[in-house]
2 protein chains.
Amino acid sequence: MTSATSLFSPVEADLSLLTDNLKQLVGARHPILYAAAEHLFGAGGKRVRPAIVLLMSRATMPDQGITPKHRRLAEITEMIHTASLVHDDVIDESELRRGVPTVHSNFGNRIAVLAGDFLFAQSSWYLANLDNLTVVKLLSEVIRDFAEGEIQQGLNRFDTSLSIEAYLEKSYYKTASLMANSSEAAGILSGISPELAKNLYGYGRHFGLAFQIVDDILDFTSSSEALGKPVGSDLKSGNLTAPVLYALEEKPYLEGLIEREFAEEDDLEQALALIADSRGIERSRELATYHAQAAVRQLADLPPSDSLQAMIELAEYQLSRLY
Amino acid sequence: MTSATSLFSPVEADLSLLTDNLKQLVGARHPILYAAAEHLFGAGGKRVRPAIVLLMSRATMPDQGITPKHRRLAEITEMIHTASLVHDDVIDESELRRGVPTVHSNFGNRIAVLAGDFLFAQSSWYLANLDNLTVVKLLSEVIRDFAEGEIQQGLNRFDTSLSIEAYLEKSYYKTASLMANSSEAAGILSGISPELAKNLYGYGRHFGLAFQIVDDILDFTSSSEALGKPVGSDLKSGNLTAPVLYALEEKPYLEGLIEREFAEEDDLEQALALIADSRGIERSRELATYHAQAAVRQLADLPPSDSLQAMIELAEYQLSRLY
């Protein structure tokens, strides 16, 4: 099995430059944020989002190479993503993310809110200074979608009537919108046609959905060591994802457990057993496969390049994370 | 004595439309934010910032009247301001603002962070959709300055070596930048020359500084009933403002009290007495007067109108708040 990081090899040098720039940007002028920056942009981040922007940039500039604006777009993408993580952890009161204490648990709410606002603010400013109104609109859409997704997630907690469509919409807002709009923006900066740019958007959208569905499956099938948090954490907090929604169609008893918010002893264990005994995981895998394949089809009009190949393999790799 | 609200009469109808729109925008789609929206945009807000944008808009469109984009800019301005207040209250752990419980004390950190992010996100999106890159840059500067101001305020707590210049810089970031850049943006939307637009920026900058200095004086000279918080709250939290910085030049004993962060009984009372006994208040008044007068001078090239007259009186009114 390959790893995500080896798939990034066409943009490996770009990514290490990006990490240095981001640490510098957040930490250098403000000692108060220095520790948070090391924490946020230090080792451990998967950097999938900026990798996609950089791969898209290189795939659409096969001869010329990428420009400083492409690099800046990748930085903006990672800053927006990181800002939203930091605030999500305050909102959800999460203590751990991938096994590492969150900014709010390490440094307190004060620094977490401040660090997130600083990153959002800095990314807005960088964005405006890309001097491209289309790109500004695409990325401002992402910031709006994040807020919308977080609100929807709050509204739909423990709501067993949630449809798969509503789940996918929320996943788009929280995960795929950034990948979709930043992919399109990379194409716009390369000067490709609006039609081709929409295909890049399509890759990001389908890739993002596949990525999120796979993450949501792993919340049930992985070990707590690999997850860095207990198995079934999403379910416990009332965040109902694809495996649960499919299982609900087969297991009516599951509904009651969720609706009483696992109030009685063994409720969560029973719910996990019911999901494992259903076709929930299998049907979720099919859904993820559909989106990963749809993502790859969107790339059909790009000229051959290492970066194109990496994006195709990256979509396939998402599915391999399940095995 | 006149009141701020009566000075807004040329844009009174515009302001009530704006309040309705903002409540609608935040509250209507999201019950989770409805109570917060009523709280934020309900009675009590002074709406100075959108009033200035609307007055600037009318003063630069004396014959044609204002456009939907001018109205949207005023809404964006109030949204950015409100978002920053909500997050500041989380960061500063403030329980009251103008005598009213803050969003975070009423609804918790979760809703406060979410409501602030939603407002920032919505304002970014509206901003991009004004379709004017110059205006996007001006307002993204404001968002960046807010974050910078909040960080500087955190860094400089209880720092008795703070200069008046550094205090004015922080006041620019936290208060005047929004008024300055949104005033300039209103002019840009009216299609005035870049030189004249810079004068509008100048009005907003000097007005904002005068406004902040007056607020900082009132923290010492007003009653706790009028303030809606205890007298000397800024000082107690280590936020050193003009009256304190001037008093420090005359009263060396004050330095020790501040540097031990009022650790001993009566330290705060002693500090307040030393400030009252100094020329700190008087010199701060002179500084506010200088900036209010400088603000008015920036308006010299605008054609006569009710809105122009209101902006002149609004600057003078700031000083009258002190008597």
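As a reminder, the structure under discussion sits directly above these lines.
Residues numbered from 1 in each chain as written. Chains lettered and ligands numbered in written order. Predicted model: local features only at pLDDT ≥ 70, side-chain atom pairs only at ≥ 80, totals over all residues. Heavy atoms only, no water.

*Asks:* What am I meant to see in unusual backbone geometry here?
*Replies:* Excluding glycine, residues mostly have negative phi values, and the peptide bonds linking residues are mostly trans. Positive phi, close to 60°, is recorded for Asp131(A), a residue that is not glycine. Within the secondary structure, Asp131(A) is located in the loop between helix H6 (103-128) and helix H7 (133-155). (Helix = DSSP H or I, 4+ residues; strand = E, 2+ residues; numbered from the N terminus.)

*Asks:* What's the story with helix H5 (residues 68-91) of chain A in this structure? I'm lost.
*Replies:* An α-helix turns once per 3.6 residues; consequently, residues spaced three or four apart project the same way. Taking 1.5 Å per residue as the helical rise, H5(A) with its 24 residues ought to reach 34 Å, and the 34 Å between its terminal C-alpha atoms agrees with that figure. Taking burial as the measure, the 24 residues of H5(A) include 20 buried ones, the bulk of the element. (Expected span 1.5 Å × (residues − 1). Buried < 20%, exposed > 50% of the residue type's maximum accessible area, 1.4 Å probe, protein only.)

*Asks:* Just checking my understanding: could you explain the interface of chain A and chain B for this structure?
*Replies:* Frequently, the measure chosen for interface size is the accessible area that the parts lose on association. Counting residues at the interface gives 37 residues for chain A and 37 residues for chain B. Of the roughly 3500 Å² buried where chain A meets chain B, counting both sides, 65% is carbon and sulfur surface. Viewed at the interface, chain B and chain A are joined by six residue pairs in polar contact (both at pLDDT 80 or more). Counting residues per element, the ones that place at least two in the side of chain A that touches chain B are helix H3 (31-41), H5, H6 and H7 of chain A. Examining the composition of the side of chain A that touches chain B, we find that 13 residues originate from one element, H7(A), more than from any other. Each residue belonging to the side of chain A that touches chain B can be placed in one class, and the counts come to 17 nonpolar, nine polar and eleven charged. (Contact = heavy atoms within 4.5 Å. Buried area = accessible area lost by both parts, 1.4 Å probe. Polar contact = N/O pair within 3.5 Å; in protein donor to acceptor, adjacent residues only side chain to side chain. Nonpolar A, V, L, I, M, F, W, Y, C, P; charged D, E, K, R; others polar.)

*Asks:* Explain the relation of the copies chain A and chain B here, please?
*Replies:* Mapping between the two chain copies consists of a rotation about an axis together with a translation along that axis. Placing chain A over chain B gives an RMSD of 0.0 Å and needs a rotation angle of 180°, together with 0.0 Å of translation along the axis. Here the symmetry operator amounts to a two-fold rotation axis. Identified as the residue of chain A closest to the rotation axis by C-alpha distance is Leu133(A), at 3.1 Å. The fraction of interface residues of chain A whose copies in chain B are also interface residues reaches 100%, indicating that both copies meet through the same surface. (Least-squares fit on C-alpha atoms with pLDDT ≥ 70 in both.)

*Asks:* Hey, could you run me through the packing of helix H12 (residues 242-250) of chain B against helix H13 (residues 252-259) of chain B in this one?
*Replies:* When two helices pack together, their arrangement is given by the angle between their axes and by how far apart the axes lie. Residues and elements named next belong to chain B. H13 packs onto H12 with a crossing angle of 125° between their chain directions and a minimal axis gap of 6 Å. The angle between the axes of H12 and H13 places the two elements in the oblique class. Two secondary-structure elements touch here, H12 through Val-244, Ala-247, Leu-248 and Glu-250 and H13 through Pro-252, Leu-254, Glu-255 and Ile-258. (Axes fitted to C-alpha atoms, helices over the stretch in contact; angles between N-to-C directions. Parallel < 35°, antiparallel > 145°, perpendicular 65-115°, else oblique.)

*Asks:* For this particular structure, what's the right way to read the nonpolar core?
*Replies:* One broad rule of soluble globular proteins: the nonpolar side chains tend to lie buried together. Ranked by internal contacts, the top residues of the largest apolar core, which has 150 residues, are Leu73(A), Leu139(A), Tyr203(A), Phe207(A), Leu139(B), Tyr203(B) and Phe207(B). Apart from residues no more than four positions distant in its own chain, Phe207(A) is found in contact with Val48(A), Ile52(A), Met179(A), Ala295(A), Leu314(A), Ala315(A) and Gln318(A). (Core = buried A, V, L, I, M, F, W, Y, C linked by side-chain atoms within 4.5 Å.)

*Asks:* Honestly, the pattern of salt bridges in this entry has me stumped. Any pointers?
*Replies:* Any two side chains of opposite charge can pair, on the condition that their charged atoms come close. In total, this model carries 30 salt bridges over all chains according to the counting rule given. The salt bridge partner of Arg321(B) is Asp215(B), with a shortest N-O separation of 2.4 Å. Within this pair, whereas Arg321(B) is found in the segment after helix H16 (306-320), its partner Asp215(B) is found in helix H9 (residues 194-221), the two being separated by 106 residues in sequence. Looking at Arg321(B), the relative accessible area reads 17%, which means it is buried. Between Asp277(B) and Lys251(B) there is a salt bridge; the shortest N-O distance is 2.7 Å. Of this pair, Asp277(B) sits in the loop between helix H14 (267-276) and helix H15 (280-297) while Lys251(B) sits in the loop between H12 and H13, placing them 26 residues apart in sequence. Assessed through its relative accessible area of 54%, Asp277(B) is described here as exposed. Here the residues in one salt-bridge network are Asp14(A), Arg58(A) and Arg71(A), joined through shared partners. (Salt bridge = Lys/Arg side-chain N within 4 Å of Asp/Glu carboxyl O.)

*Asks:* Just to check I follow, could you spell out empty space enclosed by the protein for this structure?
*Replies:* The method is simple in principle: a probe with the dimensions of a water molecule rolls over the atoms, and the space it marks as empty is what remains. One pass over the full model with this rule turns up five cavities of 30 Å³ or more. Looking at the largest cavity, its volume works out to about 100 Å³. Looking at the lining of the largest cavity, the elements that each hand over two or more residues are H6 and H7 of chain A together with helix H6 (103-128) and helix H7 (133-155) of chain B. Within the lining of the largest cavity, the residues separate by chemical class into eight nonpolar, four polar and no charged. By volume, the second largest cavity is sized at about 60 Å³. For the lining of the second largest cavity, the residue count by class is three nonpolar, four polar and two charged. (1 Å grid on protein atoms, 1.4 Å probe; cavity = no way out; pocket = protein on both sides within 12 Å on 5 of 7 lines; lining within 4 Å. Points joined across faces, edges and corners; volume = space filled by probe spheres on them.)

*Asks:* Hey, could you run me through the packing of helix H4 (residues 48-60) of chain A against helix H8 (residues 164-189) of chain A in this one?
*Replies:* All names here are of chain A. Where H4 meets H8, the axes come as close as 9 Å, and the angle between the chain directions of the two elements is 25°. Considering their axes alone, H4 and H8 lie roughly parallel with respect to each other. Viewed along their axes, H4 and H8 form a crossing whose handedness is right-handed. Contacts between H4 and H8 involve Val-48, Arg-49, Ile-52, Val-53, Met-56, Ser-57 and Thr-60 on the former and, on the latter, Thr-175, Leu-178, Met-179, Ser-182, Ser-183 and Ala-186. Residues belonging to the contact of H4 with H8 are distributed by class as follows: seven nonpolar, five polar and one charged. (Left-handed = near helix turned anticlockwise from the far one by under 90°.)

*Asks:* Could you clarify how one ought to interpret the environment of Leu299(A) in this entry?
*Replies:* All names here are of chain A. With respect to the element layout, Leu-299 can be found in the loop between helix H15 (280-297) and helix H16 (306-320). Taking relative accessible area as the criterion, Leu-299 reaches 3% and is therefore assigned buried. Leu-299 sits 240 residues away from Ala-59 along the chain, and the two C-alpha atoms are 9.9 Å apart. Setting aside its immediate chain neighbours within four residues, Leu-299 contacts Met-56, Tyr-203, Leu-308, Met-311 and Ile-312.

*Asks:* Would you mind showing me how to read the packing of aromatic side chains here?
*Replies:* The relation between two aromatic rings is expressed through the spacing of the ring centres and the mutual angle of the planes. A complete count under the given rule lists ten aromatic pairs over all chains for this structure. Ring geometry for Trp125(A) against Tyr126(A): centres 5.9 Å apart, planes inclined by 50°, an arrangement best described as tilted. Judged on exposure class, the residue Trp125(A) and its partner Tyr126(A) are both buried. Taking 5.6 Å as the distance between ring centres and 15° as the angle between the ring planes, the aromatic pair formed by Tyr203(B) and Phe207(B) counts as stacked. Placement of both Tyr203(B) and Phe207(B) in helix H9 is noted, with a separation of four residues, approximately one turn of the helix. Note on accessibility: Tyr203(B) and Phe207(B) belong to one class, buried. Here the aromatic cluster, defined as three or more aromatic residues joined through ring pairs, consists of Tyr203(A), Phe207(A) and Phe211(A). One residue, Lys198(B), lies across the ring of Tyr201(B), its end atom 4.5 Å from the ring centre. Arg321(B) extends its terminal NZ or CZ atom over the ring of Phe211(B), reaching a point 5.3 Å from the ring centre. (Phe/Tyr/Trp six-rings, centres within 6.5 Å; stacked < 30°, edge-to-face > 60°. Lys NZ or Arg CZ within 6 Å of the ring centre and 35° of its normal.)

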